[in-house]
Structures are given as structure tokens and as C-alpha cells.
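Coordinate inspection notes
Residue-level listing of the chains:
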Amino acid sequence: MTHRCRRSSGLWKIVVWDEPFFQGKKHEFTSDCYSTLDHGFSTVVRVTGSFEHCGFQGQQFVLERGEYPCWEAWSGSNAYHVERMCSFRPIACADYGRSRLMLFEEENFQGKRGELSDDCPSLPALGWGSNAVGSFFVRSGAWVCSQYPGYRGFQYLLESDIHAGEYKHVREWGSHVQTGQVQSIRRVQQ
């Protein structure tokens with residue numbers, strides 16, 4: 001059974017600054033931000049649930065409750081140096097306790113498959129025979145897939161209420177990085 005969620009209308013807030021270490025211009029947002037440029041920010045250095053480019057495009061960064069004073073704090077990796085965020089939105093489907101995800105070796109839900117209901121810091125250690133995943137079916141919750149073991153490298157956000165939870169091809173993962181390399185996966189906390 002697949003769990004669908006509705007976009008939250010509850011309280012949600014992101015506070016952003018245009019300089020590192022909470023300096024410079026500050027603004028509070030309580031809804032999606034398609035483009036920080038529309039609000040007079042050319043660079044934003046502290047946000048939650050964000051994207052590198054305007055329009056929810058580019059490298060994704062899932063930032064849960066906390067403080068992120070500079071790009072190293074949200075990037076988690078020197079593999080991809082992003083000093084700015086230009087769009088962000090809440091992740092409404094986070095359901096840490098009931099999250100379920102199916103992964104498939106090939107596109108269109110073909111080939112070897114596996115199912116997760118818990119965080120997995122290393123798919124290879126779990127016995128996944130490849131360093132890539134071809135497709136995902138998010139049965140419930142929201143998940144962050146990472147390029148390397150230990151939740152490092154590029155991040156891909158998968159949600160049960162986007163694409164009806166069906167991610168048939170790497171292009172549907174929403175990232176500009178067109179690789180199926182996924183070696184660790186974790187649930188998004190609320």
C-alpha cells in the first residue's frame with residue numbers, strides 16, 4: 001500500500017542571510033521560495049530544504065532543523081562546492097517512522113529489487129551488487145539518496161507525493177547530475 005501525503009499547511013519557517021555566519025541581510029520565509037532573486041538576495045547562505053538554482057533546480061540539499069553558518073555545513077562534501085542557494089521549499093511527506101522505499105537495479109522498476117524501511121549508510125554492505133540504482137518507488141515518506149556510502153556526495157530527494165512516488169529514471173530525481181550512483185539512503189526526519 002502506498003501512503004500519499006498532502007502538502008503541509010502547518011507552521012514552517014526558514015531564516016536566510018546573504019553572508020556567511022549569519023551576517024548581512026536577513027529574511028524570514030514561511031512558504032516556498034521559487035527564486036531568492038525576487039526577494040533581493042543574490043546569494044543565500046543559510047536555508048533548509050534547498051536547491052542550488054532558482055525554480056527548484058540544480059544540486060539538492062536537504063537541511064533539517066538546525067543551523068548552517070556556511071556552505072561546508074550544508075554541503076557535507078568538498079566534491080561539489082556550492083556557496084549559494086537560490087530556491088527552497090518544505091518537505092511535507094517526511095514520516096520518519098513509517099517510511100518505505102523500493103529500489104530497482106534498472107530503469108522502469110526492472111531488475112533486482114530491494115526494499116528499505118530504515119536508514120542504510122552503505123548499500124554495498126547491505127549486499128546491493130551495484131554502485132547504481134535505476135529507479136525508485138517511494139511507498140511512504142521522504143528519502144535522501146547519497147552518491148557515496150556514509151551519506152556523502154550528491155544528494156537526491158525522493159518524496160512519496162512527487163511523481164506519485166514513482167521515479168522511473170535518474171532524470172526524475174530532480175538533480176542536474178545525471179548518474180544513478182547511489183550508495184547510501186536515509187529517511188528525512190520531521
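All of these numbers come straight from a predicted model, not from anything done at the bench. Per chain, the residues get numbers from 1 upward, laid out in the order the sequence is written. For a predicted model such as this one, the threshold for reporting local features is a pLDDT of at least 70, and the threshold for listing and counting side-chain atom pairs is 80 or more; totals across whole chains, interfaces and linings nevertheless cover every residue. Excluded from the side-chain calculations are hydrogens and water; all other atoms, namely the structure's heavy atoms, are used.

**So, the overall build of the chain**
The line we're drawing: Numbering of helices and strands starts at the N terminus; helices are DSSP runs of H or I of at least 4 residues and strands are runs of E of at least 2. Each residue gets one of three labels from its accessible area relative to the maximum for its type: buried under 20%, exposed over 50%, partly exposed in between, using a 1.4 Å probe on protein chains only. Residues count as neighbours in contact if any of their non-hydrogen atoms are within 4.5 Å of one another. Note on areas: these come from Shrake-Rupley sampling with a 1.4 Å probe, and a residue is covered only by the protein chains present in the view.
For the chain, the count of helices and strands is two helices and twelve strands. Going from the N terminus to the C terminus, the chain shows its helices and strands as β-β-β-β-α-β-β-β-α-β-β-β-β-β. Burial statistics for the chain: of 190 residues in total, 48% are counted as buried. Within the chain, contacts between residues separated by at least 24 positions form 65% of all contacts whose residues are at least 6 apart in sequence. Element-wise, carbon and sulfur atoms account for 47% of the exposed surface of the chain, whose accessible area totals about 9300 Å².

**A look at the sheet that holds strand β11 (residues 166–167)**
To be explicit about the condition: Being paired, for any two strands, means DSSP has found at least two bridges between them.
Taken in spatial order, the four strands make up an open sheet running β7-β6-β8-β11, and their pairing is antiparallel. The open sheet has two edge strands, β7 (110–116) and β11, and neither has a second partner. With five bridges connecting them, strand β6 (residues 100–106) and strand β8 (residues 135–140) associate as antiparallel partners. Across the sheet, F104 pairs through a bridge with S135, a residue of β8.

**A word on the packing of aromatic side chains**
This is how the line gets drawn: Side-chain rings of Phe, Tyr and Trp (the six-membered ring for Trp) are treated as a pair once their centres are within 6.5 Å; stacked means planes under 30 degrees apart, edge-to-face means over 60, and tilted covers the remaining angles.
Per the counting criterion, the structure on display carries six aromatic pairs. Judged by centre distance (5.0 Å) and plane angle (70°), the rings of W17 and F22 are edge-to-face. Looking at W17, the relative accessible area reads 12%, which means it is buried. Residue classification places F22 among the partly exposed residues on the basis of a relative accessible area of 28%. Here the aromatic rings of F109 and F137 are separated by 6.4 Å at their centres, their planes lie at 75°, and the arrangement is edge-to-face. One end of the pair, F109, is in the loop between β6 and β7; the other, F137, is in strand β8, with 28 residues separating them in the sequence. Taking relative accessible area as the criterion, F109 reaches 24% and is therefore assigned partly exposed. For F137, a relative accessible area of 14% corresponds to the buried category. In textbook terms, an aromatic cluster arises when at least three aromatic residues are bridged by ring pairs, as seen for F104, F109 and F137.

**Focus on the pairing of strand β9 (residues 142–148)**
Counting buried residues in β9 gives six out of seven residues, a clear majority hidden from the surface. Of the pairings in the sheet, the one linking β9 to strand β10 (residues 152–159) comprises six bridges and is antiparallel in character. Bridge pairing links W143 to L158 in β10. If you look at the hairpin formed by β9 and β10, you'll find three residues sitting between the two strands, and G150 has a positive phi there, around 80°. The sheet contact formed by β9 and strand β12 (residues 184–187) spans four bridges and is antiparallel. When the sheet's bridge partners are listed, V144 is paired in β12 with R186.

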